[in-house]
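So the chains spell out like this:
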Amino acid sequence: MRNIGVLASGSIAGRKRAALLLAGALVGALLTLSCLPGGSRTGQEGDSATSSPAPVLEIAAIPARAQPTPLLAPALEVGRDFLKALAEGRYSASWDLLAAASRQKWVDAEKYSAFLSRKFGPLKMALQAESPAPRQGWRDPETGMRYETAAFLSVRGAIGDRLGEALSLPPLVVVQEEGQWRVAGEGPAARRGPVFPLAQGETQSLAVPILVYHHVASTWPGDSGQRSITVLTGAFEQELAYLQGAGYRSVTLAELANALLYELPLPAKPVVIAFDDGYGDMFTDAFPTLQKYGFVGSFALPTGLIGGAGYLTWEQVKAMSDAGMEFVSHSVNHVGLHLVPEEQAISELRDSRAELEKHLQAPVQILVYPYGEPFANGSPEQQRAVIDLLRREGYALAVTNPLPGTPPVIAQRGDLPYQLQRINVSPGMSIDRFARRLQGTDVR
Ligand SMILES: [Zn+2]
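Attention here is on the structure that accompanies the text. (Residues numbered from 1 in each chain as written. Predicted model: local features only at pLDDT ≥ 70, side-chain atom pairs only at ≥ 80, totals over all residues.)

**Notes on the overall build of the protein chain**
Scanning the protein chain for helices and strands turns up 13 helices and 18 strands. For the protein chain, the residues scored as buried account for 47% of the 444 residues in total. For the protein chain, contacts bridging at least 24 residues in sequence account for 72% of all contacts bridging at least 6. (Helix = DSSP H or I, 4+ residues; strand = E, 2+ residues; numbered from the N terminus. Buried ≥ 20, exposed ≤ 12 C-beta atoms within 10 Å, placed from the backbone. Contact = placed C-beta atoms within 7 Å.)

**Re the packing of helix H7 (residues 233-245) against helix H9 (residues 281-292)**
Contact geometry for H7 and H9: axes closest at 10 Å, N-to-C directions at 25 degrees. Compared by their axis directions, H7 and H9 come out roughly parallel. As H7 packs across H9, the resulting crossing turns out to be right-handed. Along the contact surface, H7 presents Thr-233, Phe-236, Glu-237 and Leu-240, while H9 presents Asp-285, Ala-286 and Thr-289. Grouping the constituent residues of the contact of H7 with H9 by class yields three nonpolar, two polar and two charged. (Axes fitted to C-alpha atoms, helices over the stretch in contact; angles between N-to-C directions. Parallel < 35°, antiparallel > 145°, perpendicular 65-115°, else oblique. Left-handed = near helix turned anticlockwise from the far one by under 90°. Nonpolar A, V, L, I, M, F, W, Y, C, P; charged D, E, K, R; others polar.)

**So, the pairing of strand E12 (residues 297-301)**
For E12, the buried fraction is high: five of the five residues fall into the buried class. Across the two faces of E12 the burial is the same, with Gly-297, Phe-299 and Leu-301 and Ser-298 and Ala-300 all buried. Relative to E12, strand E11 (residues 270-276) runs parallel, the two being bridged by four bridges. Pairing of Ile-273 across the sheet is with Gly-297, part of E12. A crossover links E11 with its parallel partner E12, the connecting element being H9, and its sense is right-handed. (Pairing = 2+ DSSP bridges. Right-handed = clockwise from strand over helix to strand, strands pointing away.)

**Comments concerning H9**
Because each turn of an α-helix spans 3.6 residues, side chains separated by three or four positions end up pointing in the same direction. End to end, H9 covers 16 Å across twelve residues, agreeing with the expected 16 Å (1.5 Å per residue, within 8%). Among the residues of H9, those classed as buried are Asp-281, Met-282, Phe-283, Asp-285, Ala-286, Phe-287 and Leu-290. (Expected span 1.5 Å × (residues − 1).)

**Comments concerning the nonpolar core**
Counting residues in hydrophobic clusters, the biggest one holds 111 residues, and the most contacted among them are Val-174, Leu-211, Ala-257, Val-272, Ile-366 and Ala-398. Both domains that meet at this core, namely domain 1 (12-189) and domain 2 (205-439), each give it at least three residues. (Core = buried A, V, L, I, M, F, W, Y, C linked by C-beta atoms within 7 Å. Domains from an automatic or database assignment.)

**Section: the environment of His-338**
Mapped onto the elements of the fold, His-338 is located in the loop between strand E13 (326-329) and helix H11 (342-360). For His-338, a count of 20 C-beta atoms within 10 Å puts it in the buried group. Spatially, the C-alpha atoms of His-338 and Pro-374 are 5.9 Å apart, while their sequence positions differ by 36 residues. Ignoring anything within four residues of it in the chain, the contact list for His-338 reads Glu-373, Pro-374, Gly-378, Gln-382, Ala-385 and Val-386.

**What to know about unusual backbone geometry**
Cis geometry marks the peptide bond from Glu-373 to Pro-374, where omega comes out at 10 degrees. Within the secondary structure, Pro-374 is located in the loop between strand E14 (366-368) and helix H12 (380-392). Although it is not a glycine, Ser-131 adopts a positive phi angle of roughly 45 degrees. If you trace the backbone, Ser-131 turns up in strand E1 (residues 125-139). According to the C-beta neighbour criterion, Ser-131 is partly exposed, with 17 such atoms within 10 Å. Although it is not a glycine, Gln-361 adopts a positive phi angle of roughly 50 degrees. You can see Gln-361 is positioned in the loop between H11 and E14.

**Describing the pairing of E13**
Within a regular strand, side chains alternate between the sheet's two faces. Of the two faces of E13, the one lined by Glu-326 and Val-328 and the one lined by Phe-327 and Ser-329 are each fully buried. Strand direction decides the pairing type here: E12 and E13, joined by four bridges, are parallel. Paired with Ser-298 across the two strands is Glu-326, which belongs to E13. Taken together, E12, helix H10 (residues 314-322) and E13 constitute a β-α-β crossover, and its handedness is right-handed.

**Remarks on helix H8 (residues 253-262)**
Within H8, ten of the ten residues are buried, leaving the element largely enclosed by the surrounding structure. Where H8 is concerned, the buried positions are Leu-253, Ala-254, Glu-255, Leu-256, Ala-257, Asn-258, Ala-259, Leu-260, Leu-261 and Tyr-262. A positive phi of about 60 degrees marks Glu-263, the residue just after H8.

**Thoughts on the packing of H7 against helix H13 (residues 431-438)**
At a minimum axis separation of 11 Å, H7 and H13 run at an interaxial angle of 55 degrees. Taken together, H7 and H13 sit at an angle that is classed as oblique. Classified by chirality, the crossing of H13 by H7 is right-handed. Facing H7, whose interface residues are Gln-238, Glu-239 and Tyr-242, H13 presents Ile-431, Phe-434 and Ala-435. By residue class, the composition of the contact of H7 with H13 is four nonpolar, one polar and one charged.

**Quick word on the environment of Met-325**
Looking at the secondary structure, you find Met-325 in the loop between H10 and E13. Take Met-325: there are 24 C-beta atoms within 10 Å of it, and that puts it in the buried class. Spatially, the C-alpha atoms of Met-325 and Ser-298 are 6.3 Å apart, while their sequence positions differ by 27 residues. Once residues lying within four places of it in the same chain are set aside, the contact partners of Met-325 are Phe-287, Val-296, Gly-297, Phe-299 and Met-320.

Structure representation (structure tokens):
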């Protein structure tokens, strides 16, 4: 299955297949939703996004809960106007409500509207903003802007066939800017927002290197196994300095998902900086170094190990998340998913996602395969079976580890969303070799 050559950006190969893969994710969501009020369909094999109309949903069907304090009432009103414009496809009206700094990350109004129309245009939506919570002195991790007064609004409702109650929707963040309330965090419409099955089935391929680290530590660990997956903090910093100097800009896996599926505009030289396993040195070494260079990291957590000796605590995870770092699933117990009974594989996927969403109040739809399995040693049948489970459990994207001794792959294919490819950063690697690996030209 590691048959990926270098692809030109924008290739349309396999777009139909992508539609089927993504339709499967929809079926999975429905299976878990059919017992909830408002779940208007039941899942069946062979269902597809293109052959089934979205259910009719009304904004009025989602009643507002408690009234906000008078101070935050105007913030809530702006948040509701933003969601209403989004649901009605009036993207230029929602653009008008954005804070100035937030507009810049979308490049311009045309690109913003084109992205939202590709993503949400075919979907019915019913969303409600509510429970505004004040936040003094909030720094927007996406733009670096600091606002004296902000309000976090929780978002409830449904997008397409997928109920918001089942998939955590990110909050809207409304900020005060020159006496006006403006939207700085776009909630479901954010660049890192949740992804949904494609109505058109069109995906693209993009050259986006995904670097992977394990330990980042100031001294070599005594254990030789741990040493083989350690990059010294000084070397890590040199690599980040190289990336910055060469014009790379870090993006999250969720942004990559939105780019592959809906052509979210990415920086000219995007890179994903990923970390496996949630070791404690992610907080003490990787995180401050990333912040020093203005980069975002994507951390894959085996949720059952978090809080244990040598691992991150949930408080540290929350602090890193608030500062803009991304967290994705790496199962609960760090097991090869084809090596355990199906029941356990399901709970590894379901429980890790639920735990992450509970702590982060954000959707988690991305998995990093523990040990890269089943794409390291599994059979094609085992690979298909695990991908089926991922779809059914609402995962949209999954990332494999590089096999030892294989050349790096930087082309990410939207039509193979469960086989994104990472590049291992080895201990003691020279900057020249690091640069060659980044470009996918380090043959060995
Ligand atoms: Zn791992």
